[in-house]
Amino acid sequence: MTRMHKARPLSMLMINAWRWGILLALILLWEAGSRMGLIDPFFFSSPRQIWDTAVIKWQSGQLWRDIAYTASSTILGFLLGTSIGSILGLLLWFSRRTALVAEPWMIVLNALPKLALAPVLVIWFGIGFSSKVVLAFLMTVIVSIMSAYSGVQTVDPALSTLMISLGAKRRQIFTRLVVPSAMPSIITGLRVNIALAMAGSIVGEFIASDRGLGRMIVYAGTTFDLKLVWVGVVVLSIVSVLMYAGVVLLERLLMHRWSARKPE
Amino acid sequence: MPNQAYLRVAGLSKRFGSGENAVAAIENLSFTLDEGRFLSILGPSGCGKSTLFNIIAGLMAPDSGDVTLNGESMLLRPGMTGYMLQKDLLLPWRTVADNIILSQTLHGVRRSKALDAALPDARACGLETMLRRRPDELSGGQRQRAALVRTLQTGKPLLLLDEPFGALDAITRLHLQELLTDVCMKKDKTVLFITHDVDEALLLSDEVLIMGSQPGRIIAHYHLPQEKPRTLKTLALPRLIEIKGEIMQLLDQEVKRHDPHA
(Lines give C-alpha, C1' and ligand atoms only; values in the text may rest on other atoms or scores of the structure.)
Protein backbone atom coordinates (compact mmCIF):
# COMPACT_ATOMS: atom_id res chain seq x y z
CA MET A 1 0.00 0.00 0.00
CA THR A 2 1.35 3.37 -0.95
CA ARG A 3 1.58 5.75 1.90
CA MET A 4 1.11 9.44 1.22
CA HIS A 5 3.60 11.65 3.03
CA LYS A 6 2.39 15.11 3.81
CA ALA A 7 5.14 17.74 3.81
CA ARG A 8 5.08 19.54 7.14
CA PRO A 9 5.14 23.33 6.84
CA LEU A 10 8.58 24.71 7.68
CA SER A 11 8.63 27.00 10.67
CA MET A 12 10.98 29.95 10.11
CA LEU A 13 11.30 30.30 13.87
CA MET A 14 12.65 26.77 14.10
CA ILE A 15 15.01 27.26 11.15
CA ASN A 16 16.38 30.48 12.67
CA ALA A 17 16.75 28.78 16.06
CA TRP A 18 18.86 26.05 14.40
CA ARG A 19 20.97 28.59 12.51
CA TRP A 20 21.80 30.65 15.59
CA GLY A 21 22.11 27.52 17.71
CA ILE A 22 24.85 26.10 15.45
CA LEU A 23 26.75 29.41 15.59
CA LEU A 24 26.45 29.56 19.40
CA ALA A 25 27.54 25.92 19.73
CA LEU A 26 30.64 26.53 17.56
CA ILE A 27 31.60 29.59 19.64
CA LEU A 28 31.12 27.67 22.90
CA LEU A 29 33.10 24.67 21.62
CA TRP A 30 35.88 26.98 20.43
CA GLU A 31 36.02 28.76 23.79
CA ALA A 32 35.88 25.51 25.78
CA GLY A 33 38.53 23.87 23.56
CA SER A 34 40.82 26.84 24.03
CA ARG A 35 40.38 26.92 27.85
CA MET A 36 40.82 23.16 28.19
CA GLY A 37 43.99 23.24 26.06
CA LEU A 38 42.49 21.17 23.23
CA ILE A 39 43.12 24.07 20.84
CA ASP A 40 46.34 26.13 20.93
CA PRO A 41 45.16 29.64 21.92
CA PHE A 42 48.24 31.21 20.30
CA PHE A 43 47.30 30.01 16.82
CA PHE A 44 43.53 29.86 17.12
CA SER A 45 42.89 32.41 19.87
CA SER A 46 39.48 32.16 21.56
CA PRO A 47 36.17 33.98 21.27
CA ARG A 48 36.81 35.70 24.61
CA GLN A 49 40.28 36.94 23.58
CA ILE A 50 38.97 38.07 20.17
CA TRP A 51 36.16 39.97 21.88
CA ASP A 52 38.53 41.68 24.33
CA THR A 53 40.93 42.71 21.56
CA ALA A 54 38.05 44.00 19.44
CA VAL A 55 36.72 46.09 22.35
CA ILE A 56 40.15 47.68 22.91
CA LYS A 57 40.53 48.46 19.19
CA TRP A 58 36.97 49.81 19.02
CA GLN A 59 37.49 52.06 22.02
CA SER A 60 40.67 53.46 20.50
CA GLY A 61 38.67 54.27 17.35
CA GLN A 62 41.05 52.32 15.08
CA LEU A 63 38.68 49.44 14.36
CA TRP A 64 35.87 51.75 13.36
CA ARG A 65 38.19 53.74 11.05
CA ASP A 66 39.39 50.53 9.38
CA ILE A 67 35.84 49.23 8.93
CA ALA A 68 34.73 52.57 7.42
CA TYR A 69 37.75 52.63 5.08
CA THR A 70 37.26 49.10 3.72
CA ALA A 71 33.48 49.39 3.54
CA SER A 72 33.56 52.71 1.70
CA SER A 73 36.15 51.59 -0.91
CA THR A 74 34.13 48.38 -1.43
CA ILE A 75 30.79 50.17 -1.80
CA LEU A 76 32.20 52.90 -4.05
CA GLY A 77 33.96 50.35 -6.29
CA PHE A 78 30.82 48.18 -6.36
CA LEU A 79 28.54 51.10 -7.28
CA LEU A 80 30.87 52.46 -9.97
CA GLY A 81 31.65 49.02 -11.43
CA THR A 82 28.06 47.84 -11.43
CA SER A 83 26.51 51.01 -12.80
CA ILE A 84 29.13 51.77 -15.48
CA GLY A 85 29.35 48.07 -16.46
CA SER A 86 25.58 47.69 -16.67
CA ILE A 87 25.19 50.84 -18.76
CA LEU A 88 27.92 49.71 -21.18
CA GLY A 89 26.37 46.23 -21.44
CA LEU A 90 22.95 47.68 -22.13
CA LEU A 91 24.29 50.10 -24.74
CA LEU A 92 25.65 47.17 -26.75
CA TRP A 93 22.03 46.61 -27.84
CA PHE A 94 22.34 49.61 -30.15
CA SER A 95 25.12 48.09 -32.25
CA ARG A 96 25.32 44.41 -33.01
CA ARG A 97 28.66 44.98 -34.72
CA THR A 98 30.16 46.60 -31.61
CA ALA A 99 28.77 43.78 -29.48
CA LEU A 100 30.33 41.14 -31.73
CA VAL A 101 33.70 42.95 -31.68
CA ALA A 102 33.53 43.43 -27.91
CA GLU A 103 32.44 39.87 -27.04
CA PRO A 104 35.88 38.14 -27.18
CA TRP A 105 37.42 41.11 -25.38
CA MET A 106 34.90 40.77 -22.58
CA ILE A 107 35.61 37.05 -22.27
CA VAL A 108 39.38 37.65 -22.13
CA LEU A 109 39.05 40.52 -19.64
CA ASN A 110 36.71 38.47 -17.49
CA ALA A 111 39.13 35.55 -17.43
CA LEU A 112 42.06 37.83 -16.59
CA PRO A 113 42.93 37.52 -12.88
CA LYS A 114 42.32 41.14 -11.95
CA LEU A 115 43.77 40.64 -8.48
CA ALA A 116 47.14 40.00 -10.13
CA LEU A 117 47.00 43.62 -11.27
CA ALA A 118 46.89 44.87 -7.68
CA PRO A 119 50.65 45.66 -7.40
CA VAL A 120 50.54 47.57 -10.70
CA LEU A 121 47.44 49.51 -9.64
CA VAL A 122 49.01 50.44 -6.33
CA ILE A 123 51.98 51.87 -8.26
CA TRP A 124 49.68 53.72 -10.65
CA PHE A 125 47.17 55.06 -8.14
CA GLY A 126 49.23 55.14 -4.95
CA ILE A 127 48.71 53.38 -1.62
CA GLY A 128 45.66 55.49 -0.77
CA PHE A 129 41.93 55.06 -1.19
CA SER A 130 41.79 55.33 -4.99
CA SER A 131 43.81 52.18 -5.75
CA LYS A 132 41.37 50.11 -3.61
CA VAL A 133 38.36 51.64 -5.36
CA VAL A 134 39.91 51.01 -8.79
CA LEU A 135 40.57 47.37 -7.93
CA ALA A 136 37.02 46.90 -6.61
CA PHE A 137 35.77 48.63 -9.78
CA LEU A 138 37.81 46.35 -12.06
CA MET A 139 36.58 43.29 -10.22
CA THR A 140 32.94 44.21 -10.92
CA VAL A 141 32.82 46.14 -14.17
CA ILE A 142 33.42 43.30 -16.67
CA VAL A 143 31.01 40.96 -14.86
CA SER A 144 28.40 43.74 -14.96
CA ILE A 145 28.91 44.36 -18.69
CA MET A 146 28.47 40.64 -19.36
CA SER A 147 25.40 40.33 -17.11
CA ALA A 148 23.71 43.32 -18.74
CA TYR A 149 24.59 42.12 -22.24
CA SER A 150 23.25 38.63 -21.56
CA GLY A 151 20.07 40.32 -20.29
CA VAL A 152 19.87 42.34 -23.52
CA GLN A 153 20.07 39.10 -25.50
CA THR A 154 17.01 37.73 -23.70
CA VAL A 155 14.72 40.43 -25.14
CA ASP A 156 11.81 38.68 -26.84
CA PRO A 157 11.96 39.59 -30.59
CA ALA A 158 8.15 39.41 -30.70
CA LEU A 159 8.02 42.19 -28.09
CA SER A 160 10.37 44.29 -30.23
CA THR A 161 8.05 43.70 -33.19
CA LEU A 162 5.09 44.76 -31.07
CA MET A 163 6.84 47.95 -29.97
CA ILE A 164 7.75 48.83 -33.58
CA SER A 165 4.18 48.13 -34.71
CA LEU A 166 2.98 50.55 -32.02
CA GLY A 167 5.23 53.21 -33.56
CA ALA A 168 7.94 53.16 -30.85
CA LYS A 169 11.22 54.86 -31.70
CA ARG A 170 14.55 53.07 -31.16
CA ARG A 171 15.24 55.07 -28.01
CA GLN A 172 11.81 54.14 -26.63
CA ILE A 173 12.35 50.45 -27.38
CA PHE A 174 15.63 50.70 -25.45
CA THR A 175 14.21 52.43 -22.39
CA ARG A 176 10.84 50.67 -22.22
CA LEU A 177 11.71 47.19 -23.40
CA VAL A 178 15.44 46.44 -23.45
CA VAL A 179 16.36 47.96 -20.08
CA PRO A 180 13.45 46.36 -18.15
CA SER A 181 14.03 43.01 -19.89
CA ALA A 182 17.70 43.05 -18.88
CA MET A 183 17.06 44.15 -15.29
CA PRO A 184 16.62 40.65 -13.80
CA SER A 185 20.05 39.65 -15.21
CA ILE A 186 21.65 42.80 -13.80
CA ILE A 187 19.97 42.38 -10.42
CA THR A 188 21.01 38.73 -10.17
CA GLY A 189 24.64 39.79 -10.67
CA LEU A 190 24.59 42.18 -7.70
CA ARG A 191 25.23 39.50 -5.05
CA VAL A 192 28.27 38.23 -6.92
CA ASN A 193 29.50 41.78 -7.49
CA ILE A 194 29.50 42.85 -3.84
CA ALA A 195 31.65 39.84 -2.91
CA LEU A 196 34.03 40.58 -5.82
CA ALA A 197 34.28 44.26 -4.84
CA MET A 198 35.10 43.30 -1.25
CA ALA A 199 37.81 40.90 -2.45
CA GLY A 200 39.28 43.68 -4.62
CA SER A 201 39.41 46.17 -1.76
CA ILE A 202 40.93 43.70 0.70
CA VAL A 203 43.63 42.51 -1.74
CA GLY A 204 44.43 46.17 -2.51
CA GLU A 205 44.90 46.73 1.23
CA PHE A 206 47.01 43.57 1.51
CA ILE A 207 49.45 44.87 -1.14
CA ALA A 208 49.96 48.35 0.27
CA SER A 209 47.76 50.53 2.42
CA ASP A 210 47.87 52.70 5.52
CA ARG A 211 44.33 51.82 6.64
CA GLY A 212 41.58 49.24 6.30
CA LEU A 213 40.74 45.80 7.62
CA GLY A 214 43.02 44.14 5.04
CA ARG A 215 45.98 46.22 6.20
CA MET A 216 45.06 45.45 9.83
CA ILE A 217 45.14 41.68 9.16
CA VAL A 218 48.49 41.84 7.28
CA TYR A 219 50.03 44.08 9.95
CA ALA A 220 48.82 41.81 12.79
CA GLY A 221 50.11 38.73 10.96
CA THR A 222 53.59 40.15 10.43
CA THR A 223 53.80 41.10 14.14
CA PHE A 224 52.44 37.65 15.24
CA ASP A 225 49.44 39.34 16.86
CA LEU A 226 47.16 36.47 15.90
CA LYS A 227 44.35 37.68 18.17
CA LEU A 228 44.17 40.81 16.03
CA VAL A 229 44.24 38.69 12.85
CA TRP A 230 41.19 36.85 14.15
CA VAL A 231 39.52 40.17 15.03
CA GLY A 232 40.11 41.24 11.42
CA VAL A 233 38.73 37.98 10.01
CA VAL A 234 35.63 38.04 12.22
CA VAL A 235 34.90 41.74 11.62
CA LEU A 236 35.44 41.27 7.89
CA SER A 237 32.96 38.38 7.91
CA ILE A 238 30.39 40.51 9.73
CA VAL A 239 30.91 43.44 7.32
CA SER A 240 30.57 41.04 4.36
CA VAL A 241 27.35 39.57 5.72
CA LEU A 242 25.92 43.07 6.32
CA MET A 243 26.81 44.19 2.80
CA TYR A 244 25.35 41.00 1.36
CA ALA A 245 22.16 41.62 3.33
CA GLY A 246 22.09 45.19 2.02
CA VAL A 247 22.41 43.93 -1.56
CA VAL A 248 19.67 41.34 -0.99
CA LEU A 249 17.43 44.17 0.23
CA LEU A 250 18.34 46.27 -2.80
CA GLU A 251 17.66 43.23 -5.00
CA ARG A 252 14.18 42.81 -3.50
CA LEU A 253 13.37 46.47 -4.03
CA LEU A 254 14.53 46.33 -7.64
CA MET A 255 12.85 42.98 -8.33
CA HIS A 256 9.59 44.36 -6.96
CA ARG A 257 9.77 46.97 -9.70
CA TRP A 258 11.12 44.90 -12.56
CA SER A 259 10.19 41.27 -12.09
CA ALA A 260 7.20 39.65 -13.78
CA ARG A 261 5.61 38.73 -10.48
CA LYS A 262 4.96 40.98 -7.51
CA PRO A 263 6.85 39.60 -4.51
CA GLU A 264 4.65 38.00 -1.87
CA MET B 1 -12.18 60.92 -59.10
CA PRO B 2 -12.61 57.14 -59.14
CA ASN B 3 -14.25 55.45 -56.16
CA GLN B 4 -11.24 54.66 -53.95
CA ALA B 5 -11.11 51.55 -51.73
CA TYR B 6 -10.33 52.15 -48.07
CA LEU B 7 -7.64 49.46 -47.94
CA ARG B 8 -6.02 48.44 -51.19
CA VAL B 9 -3.47 45.65 -51.46
CA ALA B 10 -2.10 45.72 -55.01
CA GLY B 11 0.22 43.19 -56.67
CA LEU B 12 2.06 42.34 -53.47
CA SER B 13 4.97 39.89 -53.79
CA LYS B 14 7.59 38.85 -51.30
CA ARG B 15 10.34 36.25 -51.58
CA PHE B 16 12.66 35.03 -48.84
CA GLY B 17 16.19 33.85 -49.52
CA SER B 18 18.07 34.19 -52.79
CA GLY B 19 18.98 32.22 -55.90
CA GLU B 20 17.76 28.63 -56.07
CA ASN B 21 16.82 28.62 -52.42
CA ALA B 22 14.46 31.57 -52.76
CA VAL B 23 10.92 30.87 -51.54
CA ALA B 24 7.98 32.96 -52.69
CA ALA B 25 6.01 33.74 -49.53
CA ILE B 26 3.34 35.67 -51.41
CA GLU B 27 2.94 36.37 -55.10
CA ASN B 28 0.94 39.05 -56.86
CA LEU B 29 -1.58 39.32 -54.06
CA SER B 30 -4.35 41.87 -54.55
CA PHE B 31 -7.61 42.69 -52.78
CA THR B 32 -9.54 45.66 -51.46
CA LEU B 33 -11.56 46.24 -48.34
CA ASP B 34 -14.10 48.93 -47.55
CA GLU B 35 -14.10 50.91 -44.34
CA GLY B 36 -15.75 49.23 -41.34
CA ARG B 37 -15.61 45.74 -42.88
CA PHE B 38 -14.32 42.61 -41.16
CA LEU B 39 -12.20 40.38 -43.39
CA SER B 40 -10.98 36.98 -42.23
CA ILE B 41 -8.05 35.29 -43.92
CA LEU B 42 -7.93 31.50 -43.98
CA GLY B 43 -5.22 29.33 -45.40
CA PRO B 44 -2.88 26.46 -44.68
CA SER B 45 0.22 27.06 -42.58
CA GLY B 46 3.00 28.76 -44.50
CA CYS B 47 0.72 30.43 -47.05
CA GLY B 48 2.11 33.87 -46.23
CA LYS B 49 -0.67 35.23 -44.00
CA SER B 50 1.71 36.60 -41.39
CA THR B 51 4.05 37.97 -44.08
CA LEU B 52 1.06 39.81 -45.53
CA PHE B 53 0.29 41.26 -42.08
CA ASN B 54 3.89 42.28 -41.48
CA ILE B 55 3.90 44.17 -44.78
CA ILE B 56 0.57 45.88 -44.06
CA ALA B 57 1.80 46.77 -40.55
CA GLY B 58 4.84 48.46 -42.10
CA LEU B 59 7.31 46.04 -40.50
CA MET B 60 8.53 44.48 -43.73
CA ALA B 61 9.05 45.75 -47.28
CA PRO B 62 7.56 43.77 -50.19
CA ASP B 63 9.62 42.98 -53.28
CA SER B 64 6.89 44.56 -55.36
CA GLY B 65 3.39 45.95 -55.03
CA ASP B 66 1.84 48.47 -52.70
CA VAL B 67 -0.55 48.75 -49.78
CA THR B 68 -2.57 51.92 -49.38
CA LEU B 69 -4.97 53.15 -46.74
CA ASN B 70 -7.26 55.87 -48.07
CA GLY B 71 -4.84 56.27 -50.96
CA GLU B 72 -1.80 56.73 -48.70
CA SER B 73 1.01 54.16 -48.93
CA MET B 74 1.54 52.11 -45.76
CA LEU B 75 4.82 50.53 -46.82
CA LEU B 76 7.48 50.59 -44.09
CA ARG B 77 5.38 52.94 -42.00
CA PRO B 78 4.79 51.14 -38.71
CA GLY B 79 2.28 52.60 -36.32
CA MET B 80 -0.53 53.05 -38.87
CA THR B 81 -2.42 49.98 -37.66
CA GLY B 82 -3.34 48.25 -34.42
CA TYR B 83 -1.53 44.90 -34.58
CA MET B 84 -2.43 42.01 -32.27
CA LEU B 85 -0.65 38.67 -32.34
CA GLN B 86 -1.50 35.19 -31.08
CA LYS B 87 0.79 35.72 -28.09
CA ASP B 88 -0.59 38.46 -25.85
CA LEU B 89 2.88 40.07 -25.56
CA LEU B 90 2.04 41.94 -22.37
CA LEU B 91 5.12 43.44 -20.72
CA PRO B 92 5.49 41.32 -17.57
CA TRP B 93 6.91 44.08 -15.37
CA ARG B 94 4.04 46.45 -16.12
CA THR B 95 0.60 46.36 -14.57
CA VAL B 96 -2.40 45.65 -16.79
CA ALA B 97 -3.20 49.38 -16.73
CA ASP B 98 0.29 50.32 -17.92
CA ASN B 99 0.17 47.63 -20.58
CA ILE B 100 -3.09 48.73 -22.12
CA ILE B 101 -1.94 52.37 -22.38
CA LEU B 102 1.48 51.46 -23.80
CA SER B 103 0.74 52.86 -27.24
CA GLN B 104 -0.59 56.15 -25.85
CA THR B 105 2.37 56.72 -23.56
CA LEU B 106 4.77 55.96 -26.42
CA HIS B 107 3.22 58.88 -28.24
CA GLY B 108 3.60 61.26 -25.33
CA VAL B 109 0.10 61.08 -23.81
CA ARG B 110 0.13 61.60 -20.02
CA ARG B 111 -0.49 58.41 -18.03
CA SER B 112 -3.58 59.70 -16.23
CA LYS B 113 -5.12 60.98 -19.46
CA ALA B 114 -4.36 57.72 -21.26
CA LEU B 115 -5.88 55.71 -18.42
CA ASP B 116 -9.06 57.81 -18.46
CA ALA B 117 -9.35 57.16 -22.18
CA ALA B 118 -8.73 53.42 -21.79
CA LEU B 119 -11.17 52.87 -18.95
CA PRO B 120 -14.35 52.41 -21.06
CA ASP B 121 -12.69 49.73 -23.19
CA ALA B 122 -11.20 48.06 -20.12
CA ARG B 123 -14.66 48.05 -18.54
CA ALA B 124 -16.25 46.67 -21.72
CA CYS B 125 -13.71 43.85 -21.65
CA GLY B 126 -14.26 43.15 -17.96
CA LEU B 127 -10.80 44.27 -16.89
CA GLU B 128 -11.65 47.21 -14.64
CA THR B 129 -10.93 45.26 -11.45
CA MET B 130 -7.63 43.90 -12.77
CA LEU B 131 -5.90 47.09 -13.81
CA ARG B 132 -3.41 47.03 -10.93
CA ARG B 133 -2.45 43.39 -11.43
CA ARG B 134 0.58 42.10 -13.27
CA PRO B 135 0.03 39.93 -16.39
CA ASP B 136 1.10 36.71 -14.65
CA GLU B 137 -1.82 37.13 -12.27
CA LEU B 138 -4.32 36.86 -15.16
CA SER B 139 -5.77 33.86 -16.96
CA GLY B 140 -5.11 33.28 -20.66
CA GLY B 141 -8.46 34.80 -21.62
CA GLN B 142 -7.91 37.85 -19.42
CA ARG B 143 -4.47 38.39 -20.90
CA GLN B 144 -5.88 38.26 -24.44
CA ARG B 145 -8.58 40.73 -23.41
CA ALA B 146 -5.86 43.06 -22.08
CA ALA B 147 -3.98 42.67 -25.38
CA LEU B 148 -7.20 43.47 -27.26
CA VAL B 149 -7.75 46.63 -25.18
CA ARG B 150 -4.12 47.63 -25.83
CA THR B 151 -4.72 47.17 -29.57
CA LEU B 152 -7.91 49.23 -29.42
CA GLN B 153 -6.07 51.98 -27.51
CA THR B 154 -3.80 52.57 -30.48
CA GLY B 155 -6.81 54.45 -31.82
CA LYS B 156 -6.05 53.15 -35.30
CA PRO B 157 -9.10 52.50 -37.49
CA LEU B 158 -7.47 49.46 -39.13
CA LEU B 159 -6.80 46.44 -36.90
CA LEU B 160 -4.63 43.46 -37.84
CA LEU B 161 -5.47 40.49 -35.65
CA ASP B 162 -3.18 37.48 -36.21
CA GLU B 163 -4.89 34.42 -34.67
CA PRO B 164 -5.60 36.33 -31.47
CA PHE B 165 -7.75 33.59 -29.95
CA GLY B 166 -5.84 30.60 -31.33
CA ALA B 167 -4.45 29.48 -27.98
CA LEU B 168 -7.66 29.81 -25.96
CA ASP B 169 -10.19 27.21 -24.86
CA ALA B 170 -13.54 27.02 -26.70
CA ILE B 171 -15.64 28.87 -24.07
CA THR B 172 -13.17 31.72 -23.58
CA ARG B 173 -12.77 31.98 -27.32
CA LEU B 174 -16.54 32.30 -27.80
CA HIS B 175 -16.74 35.09 -25.21
CA LEU B 176 -13.90 36.96 -26.84
CA GLN B 177 -15.41 36.52 -30.32
CA GLU B 178 -18.64 38.13 -29.08
CA LEU B 179 -16.66 40.88 -27.41
CA LEU B 180 -14.63 41.55 -30.55
CA THR B 181 -17.73 41.74 -32.76
CA ASP B 182 -19.37 44.11 -30.30
CA VAL B 183 -16.35 46.40 -29.91
CA CYS B 184 -15.55 46.51 -33.64
CA MET B 185 -19.14 47.31 -34.59
CA LYS B 186 -19.45 50.04 -31.97
CA LYS B 187 -16.11 51.61 -32.88
CA ASP B 188 -16.55 51.09 -36.61
CA LYS B 189 -13.18 49.38 -36.96
CA THR B 190 -11.91 47.83 -40.16
CA VAL B 191 -10.43 44.46 -39.31
CA LEU B 192 -8.14 41.96 -40.99
CA PHE B 193 -8.31 38.71 -39.03
CA ILE B 194 -6.14 35.63 -39.50
CA THR B 195 -7.63 32.37 -38.29
CA HIS B 196 -7.46 28.63 -38.91
CA ASP B 197 -11.02 28.14 -37.71
CA VAL B 198 -13.64 28.26 -40.49
CA ASP B 199 -16.52 28.65 -38.00
CA GLU B 200 -14.75 31.58 -36.36
CA ALA B 201 -14.31 33.25 -39.75
CA LEU B 202 -17.99 32.73 -40.61
CA LEU B 203 -19.12 33.99 -37.21
CA LEU B 204 -17.13 37.22 -37.24
CA SER B 205 -16.61 38.30 -40.83
CA ASP B 206 -18.21 40.29 -43.59
CA GLU B 207 -15.76 38.80 -46.04
CA VAL B 208 -13.52 35.73 -46.08
CA LEU B 209 -10.33 35.41 -48.08
CA ILE B 210 -8.92 31.95 -48.77
CA MET B 211 -5.20 31.75 -49.45
CA GLY B 212 -3.23 29.00 -51.10
CA SER B 213 0.41 28.31 -50.41
CA GLN B 214 3.70 28.04 -52.30
CA PRO B 215 3.40 30.71 -53.42
CA GLY B 216 0.92 32.48 -51.13
CA ARG B 217 -1.96 33.72 -53.26
CA ILE B 218 -5.70 34.31 -53.09
CA ILE B 219 -7.77 31.38 -54.28
CA ALA B 220 -11.24 32.61 -53.21
CA HIS B 221 -12.88 35.72 -51.81
CA TYR B 222 -16.34 35.37 -50.22
CA HIS B 223 -18.75 38.15 -49.30
CA LEU B 224 -20.92 36.65 -46.57
CA PRO B 225 -24.65 37.29 -46.92
CA GLN B 226 -25.87 37.26 -43.35
CA GLU B 227 -26.01 40.50 -41.33
CA LYS B 228 -23.93 40.77 -38.16
CA PRO B 229 -23.83 40.19 -35.26
CA ARG B 230 -24.08 36.47 -35.89
CA THR B 231 -24.61 33.69 -33.41
CA LEU B 232 -23.79 30.01 -33.43
CA LYS B 233 -27.38 29.45 -34.62
CA THR B 234 -26.74 31.67 -37.64
CA LEU B 235 -23.98 29.33 -38.70
CA ALA B 236 -26.64 26.70 -39.29
CA LEU B 237 -28.25 28.77 -42.09
CA PRO B 238 -28.16 26.90 -45.42
CA ARG B 239 -26.12 29.52 -47.30
CA LEU B 240 -23.43 29.67 -44.59
CA ILE B 241 -23.29 25.86 -44.40
CA GLU B 242 -22.83 25.82 -48.18
CA ILE B 243 -20.00 28.39 -47.98
CA LYS B 244 -18.39 26.47 -45.13
CA GLY B 245 -18.45 23.31 -47.25
CA GLU B 246 -16.81 25.13 -50.17
CA ILE B 247 -14.13 26.64 -47.92
CA MET B 248 -13.37 23.27 -46.33
CA GLN B 249 -13.05 21.70 -49.77
CA LEU B 250 -10.73 24.47 -51.01
CA LEU B 251 -8.52 24.16 -47.94
CA ASP B 252 -8.48 20.38 -48.25
CA GLN B 253 -7.49 20.58 -51.92
CA GLU B 254 -4.78 23.09 -51.08
CA VAL B 255 -3.30 20.88 -48.38
CA LYS B 256 -3.47 17.76 -50.61
CA ARG B 257 -1.85 19.65 -53.48
CA HIS B 258 1.38 19.79 -51.44
CA ASP B 259 0.96 16.59 -49.47
CA PRO B 260 -1.20 13.94 -51.23
CA HIS B 261 -1.03 11.72 -48.13
CA ALA B 262 -2.53 14.38 -45.87
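In this report, we go over the structure that sits alongside the text. (Residues numbered from 1 in each chain as written. Chains lettered and ligands numbered in written order. Predicted model: local features only at pLDDT ≥ 70, side-chain atom pairs only at ≥ 80, totals over all residues. Heavy atoms only, no water.)

Let us look at the sheet that holds strand 7 (residues 158-162) of chain B. Through backbone hydrogen bonds, the strands of a sheet pair up, either in parallel or in antiparallel fashion. Residues and elements named next belong to chain B. Read from one edge to the other, the open sheet built from six strands follows the order 6-7-8-3-9-10, with strand pairing classed as mixed. Of all the strands in the sheet, the pair left with one neighbour each is strand 6 (82-84) and strand 10 (217-223). Adjacent strand axes in the sheet meet at a mean angle of 15 degrees, parallel and antiparallel pairs treated alike. The sheet contact formed by strand 7 and strand 8 (residues 190-194) spans five bridges and is parallel. Considered in strand 8, the bridge of Leu159 is made with Val191. (Pairing = 2+ DSSP bridges. Helix = DSSP H or I, 4+ residues; strand = E, 2+ residues; numbered from the N terminus. Axes fitted to C-alpha atoms, helices over the stretch in contact; angles between N-to-C directions.)

Right, let's talk about the pairing of strand 2 (residues 23-33) of chain B for a bit. Residue and element names in this part refer to chain B. Of the pairings in the sheet, the one linking strand 1 (residues 7-16) to strand 2 comprises seven bridges and is antiparallel in character. Following the sheet pairing, Lys14 is matched in strand 2 by Ile26. Count of turn residues in the strand 1/strand 2 antiparallel hairpin: six residues, of which Gly17 carries a positive phi of about 85 degrees.

What follows is about the packing of aromatic side chains. All names here are of chain A. In total, this model carries 10 aromatic pairs over all chains according to the counting rule given. Look at Tyr69 and Phe129: their rings are 5.6 Å apart centre to centre, the planes differ by 70 degrees, and that puts the pair in the edge-to-face class. Residue Tyr69 is located in helix 4 (residues 62-91), and its partner Phe129 is located in helix 7 (residues 129-152); the two are separated by 60 residues in the primary sequence. The exposure class assigned to Tyr69 is buried, which follows from its relative accessible area of 9%. Among the aromatic residues, those joined into a cluster by ring pairs are Trp93, Phe94 and Phe174. Directly above the ring of Trp93 sits Arg170, whose terminal nitrogen or CZ lies 4.9 Å from the centroid. The positively charged end of Arg215 is found above the aromatic ring belonging to Tyr219, 5.6 Å away from the centroid. (Phe/Tyr/Trp six-rings, centres within 6.5 Å; stacked < 30°, edge-to-face > 60°. Buried < 20%, exposed > 50% of the residue type's maximum accessible area, 1.4 Å probe, protein only. Lys NZ or Arg CZ within 6 Å of the ring centre and 35° of its normal.)

What follows covers the environment of Ala5(B). Residue and element names in this part refer to chain B. On the secondary structure map, Ala5 appears in the segment before strand 1. For Ala5 and Arg77, which are 72 residues apart along the polypeptide, the C-alpha to C-alpha distance reads 19 Å. Setting aside its immediate chain neighbours within four residues, Ala5 contacts Thr32, Leu33, Asp34 and Asn70. (Contact = heavy atoms within 4.5 Å.)

So yeah, pure geometry; function would need other evidence.
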